[in-house]
Amino acid sequence: MTEISTPAVEVVAGVIRDARGRVLLARRTEGRDLAGLWEFPGGKREPGESAQAALARELREELGIEAEIGAPLIRVPQAYPHKRLCLDVYAVDRWKGTMRGLEGQALAWVPQHKLVQYPMPPADRPVVAALEQAPLYLVTPAPGDDDDAWLASLQVALDGGVSRVQLRAPGIDLARWSALVARAVRRCRKAGADVLVNGDMALAAANKAGLHLPAAQLATHVRRPVPEGVSLAASCHTLDELQAAQALGCDFAVVGTLASTPSHPQAEVLGWEGFAQLREHVSMPLYAIGGLGAEDLERARRHGAQGIAAIRALWPA
């Protein structure tokens, strides 16, 4: 892959909703890069212009509306064959005016859960995930000697709002783990949480759960090992691993280590800049892991992460 050393083009976009909660998409017109794909409306940020001011101006010029810009959602660095850009996305709290495509672009109001059905540029796909998918990904610790206490802690996490869980317990007896996974999956499913089993395809299938692949297992699969609609994820540390995970059809990946942790004290530290550099080359959702907790979510989103994955920081004491 050829690295592009030029500075990234700063681009802003807005998540605009109508009274029914539908989200506005605009279709890229003929003659532009990625023509025909759908995107969140916005445009380039001018030198010296704040992101919010740029977005308000672009929405006025493109759509004919006056918009009140709200909270930041996610900032996505993305490398294309001929350029780099950074897509800075904000919620639009309120807007007024008659919405129309002033540059000839088609517009569509889309129910949020159907956004994934629209073909989009790579930089816009993580925005959909940020709207739709869990911001926190709990990785379970080993259960120790008390399975019931472990399940009780899992329930506390679920009751506290954790909605994506990876069941992982290295070194545990397989028979004991199989029984515990079955009980844990039932709890996760009852709570409406997405649940994945680490590394064991047969155990995941037996419990109709998703599958999380350790990095070492990526090379053992030549095609997606679970059906579409069943969650597939991977742990990645390098660009090669991330691209292998995306080629395999993983729905998301966990990337680290962001900082040293007691569980991985010798791991190479990636840091936020290293994370963002990896983020540029794939479009699937990425969770950052390593010495992070829920309080790091905003910072993670500013570097293109879907959210935070963690063991200790998300596991109830």
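Residues numbered from 1 in each chain as written. Predicted model: local features only at pLDDT ≥ 70, side-chain atom pairs only at ≥ 80, totals over all residues. Heavy atoms only, no water.

Peer 1: Quick rundown of the environment of Asp18? Include the residues and the values.
Peer 2: With respect to the helices and strands, Asp18 occurs in the loop between strand E1 (9–15) and strand E2 (23–27). Residue classification places Asp18 among the buried residues on the basis of a relative accessible area of 16%. With 277 residues separating them in the primary sequence, Asp18 and Glu295 have C-alpha atoms 31 Å apart. A distance of 3.0 Å separates a polar atom in the side chain of Asp18 from the backbone nitrogen of Arg20. (Helix = DSSP H or I, 4+ residues; strand = E, 2+ residues; numbered from the N terminus. Buried < 20%, exposed > 50% of the residue type's maximum accessible area, 1.4 Å probe, protein only. Polar contact = N/O pair within 3.5 Å; in protein donor to acceptor, adjacent residues only side chain to side chain.)

Peer 1: Give me the lowdown on the pattern of salt bridges, citing residues and values where you can.
Peer 2: Counted under the stated rule, the structure contains 18 salt bridges. When the shortest N-O distance is used, the salt bridge between Glu39 and Arg28 registers 2.7 Å. Residue Glu39 is located in strand E3 (residues 38–39), and its partner Arg28 is located in the loop between E2 and E3; the two are separated by 11 residues in the primary sequence. Taking relative accessible area as the criterion, Glu39 reaches 13% and is therefore assigned buried. The salt bridge involving Glu280 is made with Arg84; its shortest N-O contact spans 2.9 Å. (Salt bridge = Lys/Arg side-chain N within 4 Å of Asp/Glu carboxyl O.)

Peer 1: Go over the sheet that holds strand E13 (residues 252–255) with me, naming the residues and quoting the values.
Peer 2: If you walk around this closed barrel you meet the eight strands as E8-E9-E10-E11-E12-E13-E14-E15, and the pairing is parallel. If you compare each strand with its neighbour and ignore which way they point, the axes differ by 25 degrees on average. Bridge count for E13 against strand E14 (residues 286–289) is three bridges, and the pairing is parallel. The residue of E14 that forms the bridge with Val255 is Ala288. Sheet strands in contact with helix H4 (residues 174–191) are strand E9 (164–167) and strand E10 (194–198), and its direction is about 175 degrees off that of E9. (Pairing = 2+ DSSP bridges. Axes fitted to C-alpha atoms, helices over the stretch in contact; angles between N-to-C directions. Contact = heavy atoms within 4.5 Å.)

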